[in-house]
Amino acid sequence: LKTLFEIVLFEDCSNQWSLSRPMLSLILLNEQIYSDLKMQIIASQPAEKQQRLATCFEKLMENVSRTLESKNRDKFTQNLTIFRHDFRAKK
């Protein structure tokens with residue numbers, strides 16, 4: 001999961017859809033690991049980027065339920081695209 005987030009945030013990734021599917025599954029599989037990982041990733045950023053990244057993480061799971069239904073996966077994929085854009089756009 002950490003590697004997938006690093007690819008989305010820091011590398012050129014033209015297809016978030018292919019990454020979003022396993023990411024949502026892993027997040028839902030163990031939400032505590034996701035929460036811990038989120039804090040690690042935020043802490044690894046320079047102080048001036050930490051709040052922006054924390055906000056991006058909050059929005060990532062907005063309107064995403066705890067299911068793997070197709071409609072829910074699509075919403076997560078949309079949120080992931082926004083997550084990446086919002087974090088990278090304001091560098």
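What counts and how
- Once a new chain begins, its residue numbering starts again from 1 and follows that chain's sequence as written.
- Residue-level local features of this predicted model are given only where pLDDT is at least 70; pairs of side-chain atoms are given and counted only at 80 or more, and the full residue set underlies all totals for whole chains, interfaces and linings.
- The basis for every side-chain value is the complete set of heavy atoms in the structure, and neither hydrogens nor water enter the calculation.
- Here a helix means four or more residues in a row that DSSP labels H or I, a strand means two or more in a row labelled E, and each is numbered from the N terminus.
- Throughout, a residue-residue contact means that at least one pair of heavy atoms, one from each residue, lies within 4.5 Å.
- Each axis is a line fitted through C-alpha atoms, taken for helices only over the stretch in contact, and angles between the N-to-C directions span 0 to 180 degrees.
- Should an angle lie under 35 degrees it is considered roughly parallel, over 145 roughly antiparallel, and from 65 to 115 roughly perpendicular; all remaining angles are considered oblique.
- Only Asp, Glu, Lys and Arg are considered charged, only Ala, Val, Leu, Ile, Met, Phe, Trp, Tyr, Cys and Pro nonpolar, and every remaining residue, Gly among them, polar.
- Any Lys or Arg side-chain nitrogen found within 4 Å of a carboxyl oxygen on Asp or Glu counts as a salt bridge.
- Burial classes follow relative accessibility: with a 1.4 Å probe on protein chains only, a residue under 20% of its type's maximum area counts as buried, one over 50% as exposed, and anything between as partly exposed.
- Counting rule for charge: Lys and Arg are taken as positive, Asp and Glu as negative, and neither His nor the chain ends is counted.

Draft legend 1. Geometry of the environment of leucine 80. For leucine 80, the position within the fold is in helix α5 (residues 70–89). What leucine 80 contacts, discounting residues up to four positions off in sequence, is Val8, Gln16, Ser20, Met23 and Leu60.

Draft legend 2. Structural view of the packing of helix α1 (residues 2–10) against α5. Running from N to C, α1 and α5 cross one another at 55°; their axes reach a closest spacing of 8 Å. One element, α1, and the other, α5, form an angle in the oblique class. Facing α1, whose interface residues are Phe5, Ile7, Val8, Leu9 and Phe10, α5 presents Leu80, Phe83, Arg84, Phe87 and Arg88. Its residues assigned to classes, the contact of α1 with α5 shows 8 nonpolar, no polar and 2 charged.

Draft legend 3. How the structure looks around the pattern of salt bridges. By the definition in use, this model includes 3 salt bridges. Ionic pairing is found between arginine 88 and aspartate 12, a salt bridge with its closest N-O pair at 3.4 Å. In this pair, arginine 88 is assigned in helix α5 and aspartate 12 in the loop between α1 and α2 (16–29), connecting sequence segments 76 residues apart. Salt-bridge contacts for arginine 66 lead to glutamate 31; the nearest nitrogen and oxygen are separated by 3.2 Å. Residue arginine 66 is found in the loop between α4 (47–60) and α5, and its partner glutamate 31 is found in helix α3 (residues 31–43); the two are separated by 35 residues along the sequence.

Draft legend 4. Seen up close, the side chain of aspartate 86. Relative to the helices and strands, aspartate 86 is located in helix α5. Nearest to the buried, unbridged aspartate 86 among oppositely charged side chains is lysine 59, at 4.3 Å. Residue contacts for aspartate 86: discarding those within four places in its chain leaves Arg52, Cys56 and Lys59.

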